[in-house]
Amino acid sequence: MNNPIDKNQLDAIIKNSDTMPSEAQREANAFTKYVSQFEIRISDEFPPEENLIAIKGVKVFALKDLVAIKAKQKNGKSTAIAILIAALINGEWGAVSRVGEKAPCILYIDSEMKSRDTHLLLKKVYAMAGVPEGEELENITFVNLRMMDTDDCRENVEKFIQYYQPDIVFIDGIVDLISDFNDVQQSQEVVRMLLYCAEKYNTCIAAVLHTNKDTSDHNMRGHLGTILSQKVSDVFECVKDADSNIVTVKCSDNRHEPVPSWSFGFDEHGVPTPADAYVQQMAIERKVESDRKKAEAREATERMRREAAYQIVEKAGVSGLSRNELQTILMNKLNLGKSTISPIITAMIDDGYFAPGGYNGNLIVKNVMGF
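The structure presented is a predicted model; accordingly, all values stated were derived computationally and were not measured. (Residues numbered from 1 in each chain as written. Predicted model: local features only at pLDDT ≥ 70, side-chain atom pairs only at ≥ 80, totals over all residues. Heavy atoms only, no water.)

Looking at this structure, how should I read unusual backbone geometry?
Glycine aside, residues mostly have negative phi, and peptide bonds are mostly found in the trans state. With omega at 10 degrees, the peptide bond leading from Asp172 into Gly173 counts as cis. Relative to the helices and strands, Gly173 is located in the loop between β8 (168-172) and α6 (184-200). For Lys56, which is not a glycine, the phi torsion comes out positive at approximately 50 degrees. Relative to the assigned elements, Lys56 resides in the loop between β1 (51-55) and β2 (58-62). Overall, Lys56 belongs to the partly exposed group, its relative accessible area being 41%. If you check the backbone angles, Lys74 has positive phi at about 60 degrees while not being a glycine. Counting through the fold element by element, Lys74 comes out in the loop between β3 (66-71) and α3 (77-90). Take Lys74: its relative accessible area is 74%, and that puts it in the exposed class. (Helix = DSSP H or I, 4+ residues; strand = E, 2+ residues; numbered from the N terminus. Buried < 20%, exposed > 50% of the residue type's maximum accessible area, 1.4 Å probe, protein only.)

Written out as structure tokens, the structure reads:
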């Protein structure tokens, strides 16, 4: 039998009941606690970003970030990814270097190529990273999902990230995670899924997507490309020069510090080689050639204007003009400004076409060619 509650206990219960929150108050308190976890306050402190890669000293590919790599078809994106992975393993490759002493855990998910081609890419990575033949690295995993349907491919991406716990994930390509890259809802869902995975599993996800087929259009394909470009921290584009076969990787969009471009080419055996020096030299030569053509064009224009000025003076049929009068005539006839006409008159005088003399502060120019 339960002991009866005495009067003092009963009075305490009644008194406390007056101060107990109501159901509505409890719900309000619970909601306040829920929304507060999403608030950003000025007093909040965040640790510095942990970047994995540096391009010419500029740090990129941070943990918890989503990055995009885009290119036209057959423009070197797979080789660019291989170079990034090789640099992460070896410490550096050309202009690309690893941030930190220890090589990170890397996951490469291929949904485009045949398994044989994925294996060839892995071999290329090992060769560029200087891994001894026969050695198998434990911190790098390549998987091929080409045979999976869209739904399975999308579901397994998160499963693989959860299982391998990589620091960085390359998904080549993200378009195979949805059935229609022009479907807004599907595009939003897959991008949100990648953002969720990056945050939850503390990894950097680099999603690869082709650009539109039009050679002048460098936007990523469909609504998927539009939504992806809005959510990523950086967009890297691979562009191949048709004449030299050099591929330049440039950061076309970035959320933080501008990122330098870097380039690579291929030797006689098809092995990737750094090409920044070559590209810089080509840029210098192109500028020299461009400046030469501009100078020739300027000289041709000036020569044409002087010849036109000679004809105008000869047709005027006068033996002498002040410089101001001549300037006004040429400005009206040639439809040019004072700053353009003045050096033409000076050049005509330097050519000996006129004999200068002074009169009331004006330069008198007199025809000495016999008309």
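Explanation requested: the nonpolar core in the structure shown.
One broad rule of soluble globular proteins: the nonpolar side chains tend to lie buried together. In terms of nonpolar packing, the biggest core is built from 48 residues, with Ile53, Phe61, Ile85, Ile140, Phe170 and Trp262 touching the most fellow members. Top element by residues in this core is α3. It accounts for 10 residues. When sequence neighbours within four positions are dropped, the list of residues in contact with Ile140 reads Ile85, Ile89, Ile106, Leu122, Val125 and Tyr126. Val169, Leu177, Ile178 and Val235 belong to the second largest nonpolar core, which has 31 residues in total. (Core = buried A, V, L, I, M, F, W, Y, C linked by side-chain atoms within 4.5 Å. Contact = heavy atoms within 4.5 Å.)

When you look at a positive patch on the surface in this model, what are you seeing that I'm missing?
Residues Lys114, Arg116, Lys123 and Arg146 make up a contiguous surface patch of positive charge. Considering the arrangement of structural elements, one finds Lys123 in helix α4 (residues 115-129). (Patch = residues over 30% accessible without salt bridge, like charges linked within 9 Å, V, L, I, M, F, W, Y side chains within 5 Å. Areas by Shrake-Rupley, 256 points an atom, 1.4 Å probe, with all protein chains shown as cover. Salt bridge = Lys/Arg side-chain N within 4 Å of Asp/Glu carboxyl O. Lys, Arg positive; Asp, Glu negative; His and termini not counted. Charge placed at Lys NZ, Arg CZ, Asp CG, Glu CD.)

Help me out: how do you make sense of the side chain of Asp65 in this one?
Along the chain, Asp65 falls in the loop between β2 and β3. Buried charge Asp65 goes without a salt bridge, the closest partner of opposite sign being Arg255 at 5.5 Å. When residues no more than four places from it in sequence are discounted, the contact partners of Asp65 are Glu49, Ala198, Thr203, Cys204, Ile205 and Ser233.

Which parts of the structure should I look at to understand the side chain of His210?
Structurally, His210 can be placed in strand β9 (residues 204-210). In this structure His210 comes out as buried when scored by relative accessible area, which is 14%.

Explain the sheet that holds strand β4 (residues 92-93) to me, please; I cannot follow it from the model alone.
One key point about sheets: their strands pair by backbone hydrogen bonds, in either a parallel or an antiparallel sense. Taken in spatial order, the four strands of this open sheet run β2-β1-β5-β4, and their pairing is antiparallel. At either end of the open sheet lies a strand with only one pairing partner, and these are β2 and β4. Packing against the sheet, α3 makes contact with β1, β2, β4 and β5 (96-98), and its axis sits at approximately 40 degrees to β5. (Pairing = 2+ DSSP bridges. Axes fitted to C-alpha atoms, helices over the stretch in contact; angles between N-to-C directions.)

How should I be thinking about helix α10 (residues 338-350) in this particular structure?
Each α-helix turn comprises 3.6 residues. Residues three or four places apart therefore point the same way. The terminal C-alpha atoms of α10, which comprises 13 residues, lie 18 Å apart, in line with the 18 Å expected from a rise of 1.5 Å per residue. Burial in α10 covers these residues: Ile341, Ile344, Ile345, Ala347, Met348 and Ile349. (Expected span 1.5 Å × (residues − 1).)

Is there a simple way to think about the packing of aromatic side chains in this case?
What characterises a pair of aromatic rings is the spacing of the ring centres plus the angle enclosed by the ring planes. Summed over all chains, the structure comprises eight aromatic pairs. Ring plane angle 75 degrees and centroid distance 5.2 Å describe the contact between Tyr34 and Phe38, whose orientation is recorded as edge-to-face. Residue class for Tyr34 comes out partly exposed when judged on its relative accessible area of 46%. Phe38 sits in the exposed class, given a relative accessible area of 54%. For the pair Tyr108 and Phe142, a centre-to-centre distance of 4.5 Å together with 35 degrees between the ring planes defines the contact as tilted. On the criterion of sequence distance, the pair formed by Tyr108 in strand β6 (residues 106-110) and Phe142 in strand β7 (residues 140-144) is long-range, its members being 34 residues apart. Taken as a pair, Tyr108 and Phe142 share a single burial class, namely buried. (Phe/Tyr/Trp six-rings, centres within 6.5 Å; stacked < 30°, edge-to-face > 60°.)

What am I meant to see in the packing of helix α5 (residues 150-164) against α6 here?
Between two packed helices, the angle of one axis relative to the other and the distance separating the axes together describe the packing. Here α5 crosses α6 at 5 degrees, and the two axes come no closer than 11 Å. Here α5 is positioned roughly parallel relative to α6, judged by the angle of their axes. Of the residues in α6, those in contact with Arg154, Val157, Glu158 and Ile161 of α5 are Val190, Met193, Leu194, Tyr196 and Cys197. Class assignment for the residues of the contact of α5 with α6 results in seven nonpolar, no polar and two charged. (Parallel < 35°, antiparallel > 145°, perpendicular 65-115°, else oblique. Nonpolar A, V, L, I, M, F, W, Y, C, P; charged D, E, K, R; others polar.)

Would you mind showing me how to read the packing of helix α9 (residues 323-334) against α10 here?
Their axes nearest at 10 Å, the elements α9 and α10 cross at an angle of 120 degrees. What the angle tells us is that α9 and α10 run oblique. The crossing of α9 and α10 is right-handed. Every residue of α10 that contacts α9 at Arg323, Leu326, Gln327, Leu330, Met331 and Leu334 is listed here: Lys338, Ile341, Ser342, Ile345, Thr346 and Ile349. Residue composition of the contact of α9 with α10, grouped by class: seven nonpolar, three polar and two charged. (Left-handed = near helix turned anticlockwise from the far one by under 90°.)

Function-wise, these values are silent; they only describe arrangement.
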